[in-house]
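In case you want the letters, here they are:
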Amino acid sequence: MAMAFFDGGGRGRDDFLLDPIEMQALNVLPMPVVVIGEGHGVLYANTAAEDFFQSSAVVLKRQRIDDLIAFGSPVLALVEEVQRRGASVSEYRLDLGSPRLGVDRVVDVFASPLSSQSDAVVLMLQERTIAEKMDRQLTHRGAARSITALGAMLAHEIKNPLSGIRGAAQLLEASVPDSERMLTQLICDETDRIVKLVERVELFGDERPSERDAVNVHDVLDHVKRLAQSGFARHIRFNEVYDPSLPPVAGNRDQLVQVLLNLMKNAAEAIGMQAIDGEITLTTAYRPGIRMQLAGSPGRIALPLEIGIRDNGPGVPSDLLPHLFDPFVTTKAQGSGLGLALVAKVIGDHGGIVECESVPRRTTFRILLPLHQPRARQTV
């Protein structure tokens, strides 16, 4: 027996008939699937489509596909072509980015006519960015290991000048006004943190997990932003777009500070000292539905916590973008190309993903991390 879906939006849409077996098959697919009818009306949306468009199926069925994606998207022409030809059509790397969905929503689109209704088109979407992130993580992590020996060699040489810097800061603290002692204390705190980092670098070859706890990413971002504004990014305006309800991340605070400080410094250097409209935007968000298979793990790990650092610099050259996290790859004239390799290593050790998407005046480094899972209390 066929099942009928009615247009609740009053658009005069015909009743949509979908065989129960077809509906069940579409609904269990992990990729977003929508059925489009005459006039581009949405007739059906599976569970994955609800997550993708951030609306319930009931709300989606009151709209047209034009309302959900960017104006003039090639997807609209794709739907019309399938309706006209009655044959399947596929397109790759289509950008569905819109204010509703956010930017950088690049998908592969597979469109087919629905056999039970001549004017209905089934659209299946597959996000390329997520798939490509998953595929590149092993490459990033493996490449980052090549800096291990170099890091161990440098660690000893770095510790000696750090002790001198801290001693000088302590001497200055006694002679500066109270209003400026915060800066000398900042030098001491950061020196202590670098010493801890160097000690960790000496053990980079050790595959044992680092000590982790519940970390508030907003506290980390605020700390790093203060460091940036007091030094390399004093000429840049910062914007904050935070999800205030974001739960703690499972991480090592010092390592996350180092990662975000590195990315923020890269953003400031990309903008340049001469820029009069330099802008860095810090973002956090909760993105359910992103999972990754980790080596040695029996199942997929959820990575719902997103941290973004976006700048309005000139962007990363397209030929370097796929290799940006490899050691000794850099866009800086005097750069070593080790910073982003270290970022990839640390985030990989946290069980997360780091990726870069770049066009002129919009470069975004995005980190996805797992939630902190409190340990269950043991009962006696």
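Residues numbered from 1 in each chain as written. Predicted model: local features only at pLDDT ≥ 70, side-chain atom pairs only at ≥ 80, totals over all residues. Heavy atoms only, no water.

(A) Region of the structure containing the overall build of the protein chain. Helices and strands together make up the secondary structure of the protein chain, namely 11 helices and 16 strands. Per-residue burial for the protein chain yields a buried fraction of 44% across its 380 residues. Relative to all contacts within the protein chain whose residues are 6 or more apart in sequence, the contacts with residues 24 or more apart total 63%. Of the roughly 20000 Å² of accessible surface on the protein chain, 55% is carried by carbon and sulfur atoms. (Helix = DSSP H or I, 4+ residues; strand = E, 2+ residues; numbered from the N terminus. Buried < 20%, exposed > 50% of the residue type's maximum accessible area, 1.4 Å probe, protein only. Contact = heavy atoms within 4.5 Å. Areas by Shrake-Rupley, 256 points an atom, 1.4 Å probe, with all protein chains shown as cover.)

(B) Representation of the side chain of arginine 366 within the structure. Relative to the elements of secondary structure, arginine 366 occurs in strand 16 (residues 362-369). Of note is the side chain of arginine 366, whose polar atom sits 3.0 Å from the side chain of glutamate 357. (Polar contact = N/O pair within 3.5 Å; in protein donor to acceptor, adjacent residues only side chain to side chain.)

(C) Spotlight on the sheet that holds strand 9 (residues 237-241). Strand order in the open sheet formed by five strands is 9-11-14-16-15, with mixed pairing between adjacent strands. Looking at the sheet topology across the chains shown, the edges are occupied by strand 9 and strand 15 (353-359). Adjacent strand axes in the sheet meet at a mean angle of 15°, parallel and antiparallel pairs treated alike. Sheet analysis places strand 11 (residues 279-286) next to strand 14 (residues 305-311), joined by seven bridges and oriented antiparallel. In the sheet register, threonine 281 faces strand 14, and the bridge partner there is arginine 310. On the sheet, helix 10 (residues 253-271) packs against strand 9, strand 11, strand 14 and strand 16 and is oriented at approximately 25° with respect to strand 14. (Pairing = 2+ DSSP bridges. Axes fitted to C-alpha atoms, helices over the stretch in contact; angles between N-to-C directions.)

(D) Representation of the pairing of strand 14 in the model. Most of strand 14 is tucked away: six of the seven residues are buried. The pairing of strand 14 with strand 16 spans seven bridges and is classified as antiparallel. Counterpart to isoleucine 307 in the pairing with strand 16 is isoleucine 367.

(E) Structural context of the pairing of strand 3 (residues 33-36). With burial as the criterion, each face of strand 3 is covered, one bearing Val33 and Val35 and the other bearing Val34 and Ile36. In this antiparallel pair of consecutive strands, strand 3 and strand 4 (residues 42-45), the connection spans five residues, and glycine 39 shows a positive phi of 75°.

(F) The arrangement of the nonpolar core in detail. Core analysis: the largest hydrophobic core is formed by 41 residues, its most contacted members being Ile280 and Ile367. Broken down by element, the residue count for this core peaks at 10 residues, all from helix 10. With residues near it in sequence (within four places) discarded, isoleucine 280 still touches Ile236, Arg237, Phe238, Asn239, Met264, Ala267, Ala268, Ile271, Ile309, Arg310 and Asp311. Membership of the second largest hydrophobic core comes to 25 residues, among which are Phe53, Leu68, Leu78 and Leu123. (Core = buried A, V, L, I, M, F, W, Y, C linked by side-chain atoms within 4.5 Å.)

(G) Region of interest: unusual backbone geometry. Its identity as a non-glycine residue notwithstanding, histidine 40 has a phi of 65°, on the positive side. Here histidine 40 is to be found in the loop between strand 3 and strand 4. Residue histidine 40 is classed as buried on the basis of its relative accessible area of 10%. Its identity is not glycine, yet glutamine 54 carries a phi of approximately 55°, on the positive side. Counting through the fold element by element, glutamine 54 comes out in the loop between helix 2 (47-53) and helix 3 (57-60).

(H) Quick peek at the pattern of salt bridges. What the rule picks out here adds up to 12 salt bridges. Two residues, glutamate 190 and arginine 193, come together in a salt bridge whose shortest N-O distance is 2.6 Å. Of this pair, glutamate 190 and arginine 193 both sit in helix 8 (residues 181-201), three residues apart, which is roughly one turn of the helix. The class of glutamate 190 is buried, set by a relative accessible area of 12%. Put simply, lysine 225 and glutamate 240 hold a salt bridge, and the shortest N to O gap is 2.3 Å. (Salt bridge = Lys/Arg side-chain N within 4 Å of Asp/Glu carboxyl O.)

(I) Structural view of the packing of helix 9 (residues 217-229) against helix 10. The contact between helix 9 and helix 10 brings their axes to 9 Å, and the two run at 45°. In terms of orientation, helix 9 and helix 10 fall into the oblique class. Helix 9 and helix 10 meet at a crossing whose hand is right-handed. Contacts from Asp219, Val220, Leu221, His223, Val224, Lys225, Leu227 and Ala228 of helix 9 reach helix 10 at Arg253, Leu256, Val257, Leu260, Leu261 and Met264. (Parallel < 35°, antiparallel > 145°, perpendicular 65-115°, else oblique. Left-handed = near helix turned anticlockwise from the far one by under 90°.)

(J) Geometry of the packing of helix 10 against helix 11 (residues 339-349). As a packed pair, helix 10 and helix 11 sit with axes 10 Å apart at the nearest point and diverge in direction by 145°. The chirality of how helix 10 crosses helix 11 is left-handed. Where helix 10 abuts helix 11, its residues Gln255, Leu256, Val259, Asn262, Leu263 and Asn266 lie against Gly339, Leu340, Val343, Val346 and Ile347. Of the residues belonging to the contact of helix 10 with helix 11, the class tally is seven nonpolar, four polar and no charged. (Nonpolar A, V, L, I, M, F, W, Y, C, P; charged D, E, K, R; others polar.)

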